[in-house]
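A look at the structure
What follows is the residue order along each chain.
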Amino acid sequence: MYNEKHNAEKFKRLLDICVKENKMTLVVQHHKEKYNGQFPIWVIIEFFSMGMLSHLNQLYFKDESAILDIR
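These numbers were taken from a predicted model, which means no experiment stands behind them.

A closer look at the overall build of the protein
- Across its full length, the protein carries 4 helices and 0 strands.
- Ordered by position in the sequence, the α and β elements of the protein form the string α-α-α-α.
- Among the 71 residues that make up the protein, the fraction classed as buried is 21%.
- Counting contacts in the protein only where the partners sit at least 6 residues apart, residues at least 24 apart contribute 58% of the total.
- When the accessible surface of the protein is summed, it comes to about 5900 Å², and 57% of that surface belongs to carbon and sulfur atoms.

Next comes the structure, spelled out in structure tokens:
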């Protein structure tokens, strides 16, 4: 399912950093208290940097040619 660029440990570290950087937001506080720190992808992705989005993209596409060019 994943390509050779997949690095689960790095992705988990980046997620932890993302949550720590946004720990004062109501969304993060809510999910930490009510759902034991579990975040659906549609919630946590709101806090991703462009670098994090790029890393997420690399998990699913083997190379840039797999991405549709929408212009």
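So, next bit.
Concerning the side chain of histidine 31
- Looking at where histidine 31 falls in the secondary structure, it is placed in helix α2 (residues 26–34).
- Beyond its immediate chain neighbours, meaning those up to four positions away, histidine 31 contacts Asn36, Gly37, Gln38, Phe39, Pro40 and Val43.

Observations concerning helix α1 (residues 8–21)
- If you check α1, its first and last C-alpha atoms are 20 Å apart, about what 14 residues at 1.5 Å a residue would give, namely 20 Å.
- Among the residues of α1, Phe11, Cys18 and Val19 are the ones counted as buried. On an axial view of α1, the arc spanned by its buried residues comes to 95°, and they lie on one face. In α1, the exposed positions angled more than 90 degrees off the buried face are occupied by Lys20 and Glu21.

Considerations on the nonpolar core
- Of all hydrophobic cores here, the largest spans 10 residues; its members are Phe11, Cys18, Val19, Val28, Phe39, Val43, Ile44, Phe48, Met52 and Leu56.
- Secondary-structure elements contributing two or more residues to this core are α1, α3 (41–44) and α4 (50–60).
- The greatest single-element share of this core, amounting to 3 residues, is contributed by α1.
- Once residues lying within four places of it in the same chain are set aside, the contact partners of cysteine 18 are Ile44, Phe47 and Phe48.

Let's talk about the environment of phenylalanine 47
- By the element assignment, phenylalanine 47 lies in the loop between α3 and α4.
- The residues contacting phenylalanine 47, other than those within four sequence positions of it, are Cys18, Asn22, Thr25, Val27 and Val28.

Some thoughts on the side chain of asparagine 22
- Mapped onto the secondary structure, asparagine 22 falls in the loop between α1 and α2.
- Since its relative accessible area comes to 16%, asparagine 22 is described here as buried.
- Ignoring any residue separated from it by four or fewer positions in sequence, one finds asparagine 22 in contact with Val28 and Phe47.

Cut-off values and rules
Residues numbered from 1 in each chain as written. Predicted model: local features only at pLDDT ≥ 70, side-chain atom pairs only at ≥ 80, totals over all residues. Heavy atoms only, no water. Helix = DSSP H or I, 4+ residues; strand = E, 2+ residues; numbered from the N terminus. Buried < 20%, exposed > 50% of the residue type's maximum accessible area, 1.4 Å probe, protein only. Contact = heavy atoms within 4.5 Å. Areas by Shrake-Rupley, 256 points an atom, 1.4 Å probe, with all protein chains shown as cover. Expected span 1.5 Å × (residues − 1). Arc of directions from axis to C-beta. Core = buried A, V, L, I, M, F, W, Y, C linked by side-chain atoms within 4.5 Å.

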